[in-house]
Amino acid sequence: MRLIEKVFNPTGKKHTGTLIFFHGSGDTGNGLTEWIRFLLGRDMEFPHIKVIIPTAPVQPYTPMGGENSNVWFNRKRIEMDCPEIRTSLASIYDTVNEMLVREMAAGIPLNQIVVGGFSMGGALAIHTGYHLNRDLGGVFAISSFLNNGSIVYDSLDCVSEDDHLPELLMMHGERDTLVPIEWGQTTFDELAKLSVRGQFVPHRTALHEIKKDQLLRVIDFVQKIIPEPTDEEVEPAKPDTTKSTKSIKKGKL
C-alpha cells in the first residue's frame, strides 16, 4: 500500500541518504510537517538527505472506541502490559518494507537510511529497525515505548553482540502523562540488554510533545549517521532492484 507522503528532496546535488519520520497516532504527515516548521522556523531539509514524512492509513482504533483514525497499527489499550496486536503490525510492516525497497532502488544503501518517529511513530521506528530490518543506519523515538513481551524483544533475542544493529536515540519528557517516562526508560533498558547501543535523553519540561531542542538533537543524530559527502566522493551506484528486494530482512510474526 502506497502511503500519502510529504517529501523534502535534498537541497544539494547529491542524494546519499534518507530519513523517514513517522507521526504519532491521530496525526498526519502534514500535521507533523507543520509542527516541525513551527519549532524550527523552517522545514526539516538537508543538502544530501531526502526526508519522507508519511501519513498513517485510516483504520479503526480501539482506544478511541473503534473510531477511524490515522494510526500505524491498532492496540487494545495504551499500556505497557497490553499484548501487541501482531496481525495489525504485520500489515504496516509490509508498507514500510515497500518504502525501504523503493529507497534502495533509488541507490540508497540500508545503512544510509534512518527511521524515527513521535509516540506511536517512534514505536513503529523501533519495530522497523530492530525487527523488520536491522541493517538500517539508525533509529530515533520521541515519547515512545514498546509493549511488554514485544515481538521486537523476541527478534533481538537471537542477535549476538557482534551483529550490526542500528544506533538508537530515545528522548522522553519527564512530565509526559500519556506515555510516562518510565515506559520509555524501561523500553530503552530492555533493548540495551539485547545489545542495542544508544542514548536515552530525558527532557525536564516536556509533556507528550516534541520540543525544539529534541528536533535539533535528531538533526545532529541523522547527520552523524549520514554525513554530507565531499566533492570527491562518488554518487552511489543504483543496485539491481530484484536483488534489493531479496536483501530485506523481514521479521516474522
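Check the entry above for the structure.
Residues numbered from 1 in each chain as written. Predicted model: local features only at pLDDT ≥ 70, side-chain atom pairs only at ≥ 80, totals over all residues. Heavy atoms only, no water.

1. Topic: empty space enclosed by the protein
Applying the stated criterion to the full structure yields one cavity of 30 Å³ or more. As a volume, the largest cavity reaches approximately 40 Å³. For the largest cavity, the full set of lining residues is F73, N74, R75, P83, E84, I85, L89, H127 and N147. (1 Å grid on protein atoms, 1.4 Å probe; cavity = no way out; pocket = protein on both sides within 12 Å on 5 of 7 lines; lining within 4 Å. Points joined across faces, edges and corners; volume = space filled by probe spheres on them.)

2. Structural notes on the nonpolar core
W72, I126, Y130, L156 and L191 are the most contacted members of the largest nonpolar core, which has 45 residues in total. Ignoring anything within four residues of it in the chain, the contact list for I126 reads H131, V139, A141, L146, V152, M170, T187 and L191. (Core = buried A, V, L, I, M, F, W, Y, C linked by side-chain atoms within 4.5 Å. Buried < 20%, exposed > 50% of the residue type's maximum accessible area, 1.4 Å probe, protein only. Contact = heavy atoms within 4.5 Å.)

3. Notes on the pairing of strand β6 (residues 113-118)
For β6, the tally of buried residues reaches six of six residues, placing the bulk of the element in the interior. Side chains of β6 alternate between two faces, with I113, V115 and G117 and V114, G116 and F118 buried alike. Note: strand β2 (residues 17-22) against β6, five bridges, orientation parallel. Across the sheet, the residue bridging to F21 is G116, located in β6. Handedness of the crossover joining β6 and strand β7 (residues 138-142) through helix α3 (residues 120-132) is recorded here as right-handed. (Helix = DSSP H or I, 4+ residues; strand = E, 2+ residues; numbered from the N terminus. Pairing = 2+ DSSP bridges. Right-handed = clockwise from strand over helix to strand, strands pointing away.)

4. Observations concerning helix α2 (residues 86-105)
Taking 1.5 Å per residue as the helical rise, α2 with its 20 residues ought to reach 28 Å, and the 28 Å between its terminal C-alpha atoms agrees with that figure. One or two steps after α2, the chain reaches G107, where phi turns positive at roughly 100 degrees. (Expected span 1.5 Å × (residues − 1).)

5. A short note on the packing of α2 against α3
Helix-helix packing is characterised by the crossing angle of the two axes and by the distance between the axes. Here α2 crosses α3 at 75 degrees, and the two axes come no closer than 11 Å. Taken together, α2 and α3 sit at an angle that is classed as roughly perpendicular. Contacts between α2 and α3 involve L89, I92, Y93, V96, N97 and L100 from the former and L124, H127, T128, H131 and L132 from the latter. A breakdown of the residues in the contact of α2 with α3 according to their chemical character gives seven nonpolar, four polar and no charged. (Axes fitted to C-alpha atoms, helices over the stretch in contact; angles between N-to-C directions. Parallel < 35°, antiparallel > 145°, perpendicular 65-115°, else oblique. Nonpolar A, V, L, I, M, F, W, Y, C, P; charged D, E, K, R; others polar.)

6. Let's talk about the environment of A106
Relative to the elements of secondary structure, A106 occurs in the loop between α2 and β6. A106 gets classed as partly exposed once you look at its relative accessible area, which sits at 35%.

7. Some points on the pairing of strand β4 (residues 58-61)
Inspection of the sheet shows β4 paired to strand β5 (residues 67-70) by four bridges, in the antiparallel sense. The residue bridging Q59 from the neighbouring strand is S69, located in β5. Taking the residues that link successive antiparallel strands as the turn, the β4-β5 hairpin has five residues, and the phi of G65 there is positive, at about 75 degrees.

8. Focus on the packing of aromatic side chains
Scanning the model with the defined rule gives five aromatic pairs in all. Taken together, a centroid distance of 5.1 Å and an interplanar angle of 90 degrees make the contact between F21 and F140 edge-to-face. Residue F21 is located in strand β2, and its partner F140 is located in strand β7; the two are separated by 119 residues in the primary sequence. Overall, the relative accessible area of 0% leaves F140 in the buried class. With centroids separated by 5.2 Å and ring planes inclined at 80 degrees, the aromatic side chains of W35 and F118 adopt a geometry described as edge-to-face. Here the residue W35 occupies a position in helix α1 (residues 29-40), and F118 occupies one in strand β6, the gap between them amounting to 83 residues. Look at W35 and you get partly exposed, because its relative accessible area is 24%. (Phe/Tyr/Trp six-rings, centres within 6.5 Å; stacked < 30°, edge-to-face > 60°.)

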